[in-house]
Amino acid sequence: MSNSLQGFDARAATFAADVEQAFWVNFWISIILFLSVVVPMIYFAWKYNANKVKNEDIENVTHNTALEIAWTLIPTAMLMVLFYFGYTSMQVLRTMPAESESIVVKVEGSKWKWRYEYPANASGHVHKIGGAFEKPKLDEKGKVLEKGSMGITALYVPVNTNVILEMTAPKNDVIHAFYVPAFRMKEDVVPGRTTKQWFNATEIGEYDVECAEYCGTDHSYMYSRIVVLPKAEYDAWFNSTEDTPKGNYTKTGDALLLRHGCTQCHAIETGEMKIGPSLKTRLSKEQVLDVIKNGQNKLGYDMGAMPGGLVAGADAEEIAAYVAGGMKGQQPASFSACSSCHGEDGKGMGGMAPDLIGYDAPLLSHVFKNGKEGMIGRMPAYPDMPEDEISAIAEYLEKNSK
Ligand SMILES: [Cu+2]
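Residues numbered from 1 in each chain as written. Predicted model: local features only at pLDDT ≥ 70, side-chain atom pairs only at ≥ 80, totals over all residues.

## Structural notes on the sheet that holds strand S12 (residues 224-229)
At step 1: The mixed open sheet is built from five strands, whose spatial order is S6-S12-S11-S8-S9. Every other strand in the sheet has two partners, leaving strand S6 (154-158) and strand S9 (185-189) as the edge strands with one partner each. Put simply, the sheet's adjacent strands are angled 20 degrees from each other on average, direction ignored.
At step 2: Where strand S8 (residues 176-180) meets S9, five bridges bridge the pair, whose relative direction is antiparallel. Residue pairing in the sheet places Val-180 in a bridge with Met-185 of S9.
At step 3: Running over the sheet, helix H4 (residues 231-238) touches S6 and S12 and is turned about 120 degrees from S6. (Pairing = 2+ DSSP bridges. Helix = DSSP H or I, 4+ residues; strand = E, 2+ residues; numbered from the N terminus. Axes fitted to C-alpha atoms, helices over the stretch in contact; angles between N-to-C directions. Contact = placed C-beta atoms within 7 Å.)

## Some words on the domain arrangement of the protein chain
At step 1: Segmenting the protein chain into domains produces domain 1 (16-54 + 61-94), domain 2 (100-249) and domain 3 (262-400).
At step 2: Between domain 2 and domain 3, the C-alpha centre-to-centre distance is 35 Å. (Domains from an automatic or database assignment.)

## Thoughts on helix H10 (residues 387-400)
At step 1: With 14 residues, H10 extends 20 Å from end C-alpha to end C-alpha; this agrees with the ideal 20 Å at 1.5 Å per step.
At step 2: Burial in H10 covers these residues: Ile-390, Ala-392, Ile-393, Ala-394 and Leu-397.
At step 3: Summarising the contacts, the buried residues of H10 are in contact with helix H5 (253-259) and helix H9 (361-370). (Expected span 1.5 Å × (residues − 1). Buried ≥ 20, exposed ≤ 12 C-beta atoms within 10 Å, placed from the backbone.)

## Comments concerning the packing of helix H6 (residues 285-294) against helix H7 (residues 313-324)
At step 1: Here H6 crosses H7 at 135 degrees, and the two axes come no closer than 8 Å. When the interaxial angle is binned, H6 and H7 end up oblique. Of the two elements, H6 crosses H7, and the hand of that crossing is right-handed. Between H6 and H7, the residues in contact are Lys-285, Val-288, Leu-289 and Ile-292 and Ala-316, Ile-319, Ala-320, Ala-321, Val-323 and Ala-324, respectively.
At step 2: Classifying every residue of the contact of H6 with H7 gives nine nonpolar, no polar and one charged. (Parallel < 35°, antiparallel > 145°, perpendicular 65-115°, else oblique. Left-handed = near helix turned anticlockwise from the far one by under 90°. Nonpolar A, V, L, I, M, F, W, Y, C, P; charged D, E, K, R; others polar.)

## A look at the packing of H9 against H10
At step 1: Their axes nearest at 9 Å, the elements H9 and H10 cross at an angle of 120 degrees. Relative to H10, the element H9 lies oblique. In this structure, the crossing between H9 and H10 has a hand that is right-handed. In this structure, H9 uses Ala-361, Leu-364, Ser-365 and Phe-368 to contact H10, whose residues at the interface are Ile-390, Ser-391, Ile-393 and Ala-394.
At step 2: A class-by-class count of the residues in the contact of H9 with H10 yields six nonpolar, two polar and no charged.

## Description of the nonpolar core
At step 1: Residues Ala-12, Ala-13, Val-180, Phe-183 and Ile-226 are the most contacted members of the largest nonpolar core, which totals 61 residues.
At step 2: When residues in this core are grouped by element, the largest group, five residues, is from H10.
At step 3: In contact with Val-180, not counting residues within four places along its chain, are Gly-7, Met-185, Tyr-207, Val-209 and Ile-226. (Core = buried A, V, L, I, M, F, W, Y, C linked by C-beta atoms within 7 Å.)

## What about the pairing of strand S11 (residues 205-211)?
At step 1: Pairing geometry for S8 and S11, over two bridges, is antiparallel. Opposite Tyr-179, over in S11, you have Glu-210 as the bridge partner.

## Quick look at H9
At step 1: Along H9, the residues classified as buried are Pro-362, Leu-363, Val-367 and Phe-368.
At step 2: Tucked inside the fold, the buried residues of H9 contact strand S13 (372-373), strand S14 (378-379) and H10.
At step 3: Gly-371 sits one or two positions beyond H9 and adopts a positive phi of about 70 degrees.

## Here we look at unusual backbone geometry
At step 1: In this structure, Trp-112 follows Lys-111 across a cis peptide bond, with omega equal to -5 degrees.
At step 2: For Trp-112, the location among the structural elements is in the loop between strand S1 (102-110) and strand S2 (113-117).
At step 3: Unlike most non-glycine residues, Asn-160 shows phi in positive territory, near 50 degrees.
At step 4: Residue placement: Asn-160 occurs in the loop between S6 and strand S7 (162-168).

See the structure below:
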């Protein structure tokens, strides 16, 4: 078979052959039905063309018992065959192995990434991997230029072992579908519900995972990978605290932005506006004016709300241009209306109020914890973001925006 979709050349799970058999039975019965209806139809249309048939030759046939029995029994038999193969393969797919004899991995699908959480290992460590997938970059000859984010975004499993996936999506997310062509396996992942799917991989290797839900913009880029390892290699990793069996994943700011899917909504290198603002610059003049006018109470700073209408008119314009410009040059006198909370330097007085010119760690923590809804749109919350990753991202963004 051709390799148009990665994975169809492999049958890498125990039930792949069953599913494939059901597919081929359906396929050939459909071909037979199609030909047995369409070929006679074309022939009859030609043979009984109005020009060739005289009215007096037309006979009124009331019924034909043999024919009626045949066209009842043959389709019934065909349906029974379809039902048999559909039912038996579905039974294999839907009969979960015992949890005590399986590895149970929690899977979360969200816009636009897959995340995996393993059970605690002997030393109590819980592996949490997965994240937004960034394709490897290849040159024309197929040589790998950049590895992409595959190492950390993959789901690692041992060969010849039952794996049960307990899958869900966050309540405010959308439906996704976890699809592994090489396993002939697909299951919906639904917000606020848990769906289960199991598999037992029979061949060591790497297989694409795709989101097969095509109702939104980026499902088709929701790739991940299942890496099937020899048992010993899997166990060694599982019992370690290493991020992946291929070693620790670098926790540099730029790698983290990729992995958490920030770059799907934010440009980092350029000032381009995507779904969210570019993270190369902090606030635009329009954003500052909007907050001065309307106030804001979204980010959960201890100080609470920033009141609206502290300044207006030309003062507001001047302050907004000054803040958006990174507070360079002469400070407008009216900025005194802001400095009591944001500080003379606009950096938020050690986390009391938001840093207005940079992405410091307190600002990022507040944004990750509460999400951010403003004049541009809505940024989802990342409540589980670890401290060390927040500081790495802050450090990177601070440097990047200078
Ligand atoms: Cu999806």
